[in-house]
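Structure assessment
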Amino acid sequence: SYEMGSIIKPLTMAVGIDTGKVHADSKYNDVGFIKVRDRTMYNFDKKGRGFITMQTALSQSLNTGFVYIARLVGNEVMTKYFYSFGLGQKTDIDLPNESSPLTSNLDKGDVEHATISFGQGIAMSPIGTIRALAVIANGGYVIKPYVVNRIKYEIGTFSDTNKNSFENQKPVLTANTIDEIKRMLVYNVDNALLDGKRKNPRYSIAAKTGTAQIASKTGGYIDGKNVHTFIGFFPAYNPKFIVFMYTVDPKVSRYASESLATPFLDLSDFLIGYYDIPTDR
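On the surface, a nonpolar cluster with roughly 570 Å² of combined accessible area is contributed by Leu95, Val147, Val148, Ile151, Tyr153 and Ile155. When you line up the elements, Ile155 lands in the loop between strand 5 (150–152) and strand 6 (158–160). Judged by relative accessible area, which is 76%, Ile155 ranks as exposed.

This part covers the pattern of salt bridges. The final tally for this structure, using the stated rule, is nine salt bridges. Residues Arg198 and Asp269 are paired through a salt bridge, measuring 3.2 Å at the closest nitrogen-oxygen approach. With Arg198 in the loop between helix 7 (175–192) and strand 7 (206–215) and Asp269 in helix 9 (residues 261–274), this residue pair connects regions lying 71 residues apart in the sequence. Among the residues examined, Arg198 registers a relative accessible area of 26% and is labelled partly exposed. On the accessibility criterion, Asp269 (39% relative accessible area) is partly exposed.

Another aspect to go through is the nonpolar core. Grouped together as the largest cluster of nonpolar side chains are 45 residues, with contacts concentrated most on Leu11, Met13, Phe82, Phe85, Leu87 and Met184. When contributions to this core are tallied by element, the ones reaching two or more residues are helix 1 (9–18), helix 2 (54–59), helix 3 (63–73), helix 4 (75–84), helix 6 (126–137), helix 7 and strand 8 (221–234). Setting aside its immediate chain neighbours within four residues, Phe85 contacts Leu11, Val15, Ala132, Val135, Val142, Val172 and Leu173.

Our next topic: the sheet that holds strand 8. Think of a sheet as strands paired side by side through backbone hydrogen bonds, with each pair either parallel or antiparallel. Reading across from one edge, 7-8-9 is the order of the three strands in this open sheet, with antiparallel pairing throughout. Here the strands that pair on one side only, and so sit at the sheet edges, are strand 7 and strand 9 (241–248). Averaged over all adjacent pairs, the angle separating strand axes in this sheet is 15 degrees, with direction ignored. Two strands pair when backbone bridges link them, and strand 7 and strand 8 are joined in this way by nine bridges, in the antiparallel orientation. Across the sheet, the residue bridging to Ala212 is Val227, located in strand 8.

On to the side chain of Lys9, then. Mapped onto the elements of the fold, Lys9 is located in helix 1. Of the side chains with opposite charge, Asp45 lies nearest to the buried Lys9, which makes no salt bridge, at 10 Å. Beyond its immediate chain neighbours, meaning those up to four positions away, Lys9 contacts Leu58, Ser61, Leu62, Asn63, Phe66, Ser117, Phe118 and Lys208.

Another point: helix 3. Of all eleven residues that make up helix 3, eight are buried, and the element is covered over most of its length. Every buried residue belonging to helix 3 is among Asn63, Thr64, Gly65, Phe66, Val67, Ile69, Ala70 and Val73, and all of these are buried. Immediately beyond the C-terminal end of helix 3, within one or two residues, lies Gly74, with a positive phi of roughly 90 degrees.

Turning to helix 9, a few remarks are in order. Since one α-helical turn is 3.6 residues long, residues separated by three or four positions face the same way. Taking 1.5 Å of rise per residue, the 14 residues of helix 9 would be expected to cover 20 Å, and the 20 Å separating its terminal C-alpha atoms lies within 8% of that figure. Among all positions in helix 9, only Ala261, Phe264, Leu265, Ser268, Leu271 and Ile272 are buried. Here the buried residues of helix 9 occupy an arc of 125 degrees about the axis, which is enough to place them on one side. Across helix 9 from its buried face, at more than 90 degrees, point the exposed residues Gly273 and Tyr274. Of the surrounding elements, those touching the buried residues of helix 9 are strand 7, strand 8, strand 9 and helix 8 (256–259). Just downstream of helix 9 lies Asp276, where phi reads positive at about 50 degrees.

Rules and cut-offs
- Residues numbered from 1 in each chain as written.
- Predicted model: local features only at pLDDT ≥ 70, side-chain atom pairs only at ≥ 80, totals over all residues.
- Heavy atoms only, no water.
- Patch = residues over 30% accessible without salt bridge, like charges linked within 9 Å, V, L, I, M, F, W, Y side chains within 5 Å.
- Areas by Shrake-Rupley, 256 points an atom, 1.4 Å probe, with all protein chains shown as cover.
- Salt bridge = Lys/Arg side-chain N within 4 Å of Asp/Glu carboxyl O.
- Helix = DSSP H or I, 4+ residues; strand = E, 2+ residues; numbered from the N terminus.
- Buried < 20%, exposed > 50% of the residue type's maximum accessible area, 1.4 Å probe, protein only.
- Core = buried A, V, L, I, M, F, W, Y, C linked by side-chain atoms within 4.5 Å.
- Contact = heavy atoms within 4.5 Å.
- Pairing = 2+ DSSP bridges.
- Axes fitted to C-alpha atoms, helices over the stretch in contact; angles between N-to-C directions.
- Lys, Arg positive; Asp, Glu negative; His and termini not counted.
- Expected span 1.5 Å × (residues − 1).
- Arc of directions from axis to C-beta.

Right, here's the structure in full:
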């Protein structure tokens, strides 16, 4: 399990939108830092942008915007939503040795919730992270991931391992929330990721990068060591694929936008071509 960094920010944004506290064009005053009790939390560059929209906060991955959302929705509501995304439990995927999530900070106070809002302070396995963020892609449902679709026995019988059914499940986010956060993530790829140079004119692609500090076993974080993360799904409004990439303690690139954006976009181009996915714009 790792602290996943800014790829968690779309979940925080989704909570803000679903509760009616913010929308993509809502504005706040970004001064580069925000104080929560006895702590001061900064943007990645410690710079302020003035009055900006939530879309800008997401596209530029500004921590202050997400602490602002956490304060608006409140600790109890934020905790309820994050647990509803499955973040407090193993996925029970049919593979061995899935690690348990470390999410006890969701039950603590203001500082912990502020930190969680931008992806630090809780740790998840990669598959647990995918399941949570797939809620945005798949219409608001928390599914059980699986590898094996069907087991055929020598005696001629079989059993299906894919038992996902949305018929009796209530979505954890509204359709309007999902549409808005998808548009925000598509805007992120079209305009901000690699300065929009890899925008796909025929396919909508939704994605978010993350750069998280690595926790030390003795407390705090290890100076100079990070996890780079990247989550994306496509075509955004009728997704066929969700892709999660991460690399632990990369030596060359400082941010995930430098290390993982090109590999993700190359892979998305390949998958779209190989499976002949219909265009959506």
